[in-house]
Amino acid sequence: MGKSQKKRSMRRHNPMRVPDSHLPKGLASASASSSRTEAILPIIQKMESVDPAERKWACVAVSNLIQNDPSTRRLLQGKNIVGQLITRLSDSEEEVVIEAAGSLRNLCIDGGFDICAEMFNKNILAPLKTFIPKISATLSQFLASPKESPENAQKLVYEFADNVITILWCLSETSNKALNAINQISLVPFLMSFLAARDKLPLSTVTSAAQCLYVLTDENPPIIDEVRSNAEYTACLLAIVKLEEAAPKANGKDKDTSDVRATAFRVLTCGILRNVSPIPPPSIAATVDLDRDVVLPTLEPVLSSTDLQEITQAAQQAIDQQESIPQLESLSLKHTPKSDHKTPSELELERLETRLRTVQLALEILTGMCATLPDPEVFSGAPGADSQDDNEDEDDEGMEDARDIDMAVEDASGPEAPQPPAFFTTLVAPLLKFVHPTTLSFPPLGAPSLHPPTTSALSAIHISALECLNNIFLSMTTSARGQPSSLSLDLASGRAVFDAVWGALRLVGTEISGAGQERRREMWDIGVGVLWGVGNLFKGALVPTEEQVQVLIQFCNAAQDPQVKVKTIGTLECLAQHPESVDANRIISGYLLSLLPPTANPPTPTEPLLQAVSALIDIYSDETLPYDVNFRQGRYLDALVQSVEGVRKVVRSIDRKRERELRLRGEEVRDNLVAFIQYRRGLRL
């Protein structure tokens, strides 16, 4: 099918919580949309004050001002607030250092890649590296003699550790350069010390350590090897996810918050175990079937107990009741609130966000479990890759003498195609409930979300669920042409899945190109892949609607990514093969023909062109079907004949060395096109 499975969500496990993509570029637009422009200068001035109380005030003020406010965040960035805060990490006053770390942490999780990259480029790792041994020493002292250290001192250190660890995991997702630098810090023993002492430490700090380790073990061989080879580490991780183990203490938070965080902690640990598997002996984890006995039993209750509509209603209620945060002018130096000051509504929204992020994480782990296909083979070093370069003209000439071929579809997957696990079909229904948007899933058109962190988490869940479904159906299709009956997925279920995904995309809407609507577009980009996967399993059985055909054609025309075009063309191909839908078949085939040379204007990109040619061959490979009347009356054979030379030129232009797989695919489609033309001519219809 020419599709690849999604194994991980790039490097960003925690999408930008408070996006600023709805704002025009530059500082002017941020200044125009921020209500706190005048407050920024005093912060910058006090950041370098000789009075430590003023420096602390400035750090706290940054956290307060950027809360759910991307305009003010961008303005502060323009004033080098990142560089100023990094400088404060080396401040002589401990409280200033702690508040600076808290503000940098908030900037990291709210602002995403750009801010994290700026921090890395401004050498934030230099001061962070010095904190690791200090935190470790203090932690050991507290654990050894808890009664000898004041509780407020412990709280201070734990919160500081939480902030430092969070910054490190955000940085590790920024770039490979940042990840490699962090690999050199030797963080694994440091992070595992928190997990090992989980029953004596605040749950939030331990969870941050698990989050950091989860990210660091994501396709990162040095860290994977370090964790995997240490039997004590893997035994500790396995013990955490045992159902009977009590959760780490909640450090005074209410039970609901504790339960939510404890679940997040265990799900993260499942993710770490999967990242480092297979685990070798002598670890006790080597004796366990992780997916069957650990991961699925942990993740399934998380999904089954979550209702996105209920969470959205609760979030909306909290938003409506949200108390205003302290205004900057009311923050006196004597009564500076802590940087973690939160109102009851904010605490409720934070608890709901943690639930949503846990669901997102569970879906992310399941997506990896459902990626059963091997990675695409790399052909660049294949023997004989260069030897055929001189024979292209001979290949083309040989096509004129191509023999008649049987147009029956061959099993392209081959006898070695892996069989998908039986649990695949049991996941489909639970996953479908997570693809339907709620009222807070996306920002309104042309405006920011009412609560960006909730919107960010909800949209991430929808996308993760679609990615997981995409992997499931791609695996099922590739395995011996799917054989849906062997996986207990009947025709009615297939139609229900297709309709459910289409229904979700309808709710997303088609206005997906505006600023701030990137997640809507991503839903469509992945959703059409799921539709294609389902369509391939049930070719000829899905009844297309006029709306589906028209919207998919419009979406294909508007798509910039060639891979998205390929998936959309594949979906249209499946819909065109419903025998009785003659009108839909005519519209779809007419569109596919319009993509072919020499009439396509502008020329269709290579991969979508190959998919369109392949689709037409597949649709009209059986001349006995009712819709074949369109092929004959529309003189499609003439159009295909006219396209041959253009298709040959496109295939010839594909570099054999750099795009070996695509070149082989192109040659196959070219050969099939010539043989198909000869086959249809031979029918004399």
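Residues numbered from 1 in each chain as written. Predicted model: local features only at pLDDT ≥ 70, side-chain atom pairs only at ≥ 80, totals over all residues. Heavy atoms only, no water.

Colleague: How should I be thinking about the pattern of salt bridges in this particular structure?
Modeller: Should their charged atoms come close, side chains of opposite charge can pair. If you walk through the whole model with that rule in mind, you get 23 salt bridges. The shortest N-O distance in the salt bridge between D291 and R274 comes to 2.8 Å. Note that D291 is positioned in helix α16 (residues 290-304) and R274 in helix α15 (residues 255-276), a separation of 17 residues in sequence. When its relative accessible area of 23% is taken as the criterion, D291 is described as partly exposed. Residue classification places R274 among the partly exposed residues on the basis of a relative accessible area of 22%. A salt bridge links K539 to E573; the nearest nitrogen and oxygen atoms lie 3.3 Å apart. (Salt bridge = Lys/Arg side-chain N within 4 Å of Asp/Glu carboxyl O. Helix = DSSP H or I, 4+ residues; strand = E, 2+ residues; numbered from the N terminus. Buried < 20%, exposed > 50% of the residue type's maximum accessible area, 1.4 Å probe, protein only.)

Colleague: Just to check I follow, could you spell out the packing of aromatic side chains for this structure?
Modeller: To describe a pair of aromatic rings, you give the distance between the ring centres and the angle between the ring planes. Counted according to the given criterion, the structure contains ten aromatic pairs. Residues F631 and Y636 carry aromatic rings whose centres are separated by 5.8 Å and whose planes lie at 80° to one another, so their mutual orientation is edge-to-face. By relative accessible area, which is 5% here, F631 ends up buried. A relative accessible area of 8% places Y636 in the buried class. Judged by centre distance (6.0 Å) and plane angle (80°), the rings of F631 and F676 are edge-to-face. One end of the pair, F631, is in helix α28 (residues 628-633); the other, F676, is in helix α30 (residues 660-683), with 45 residues separating them in the sequence. Each member of the pair, F631 together with F676, is buried. Cluster of aromatic residues (ring-pair linked, three or more members): Y620, Y627, F631, Y636 and F676. Directly above the aromatic system of W57 lies the positively charged group of K46, at a separation of 5.1 Å from the ring centroid. Sitting over the ring of F631, R680 keeps its end group 4.1 Å from the ring centre. (Phe/Tyr/Trp six-rings, centres within 6.5 Å; stacked < 30°, edge-to-face > 60°. Lys NZ or Arg CZ within 6 Å of the ring centre and 35° of its normal.)

Colleague: Teacher, can you tell me more about the side chain of T207 here?
Modeller: Mapping T207 onto the fold places it in helix α12 (residues 203-216). Looking at T207, its side chain comes within polar contact range of the main-chain oxygen of L203, at 2.8 Å. When residues no more than four places from it in sequence are discounted, the contact partners of T207 are R261, F265 and L268. (Polar contact = N/O pair within 3.5 Å; in protein donor to acceptor, adjacent residues only side chain to side chain. Contact = heavy atoms within 4.5 Å.)

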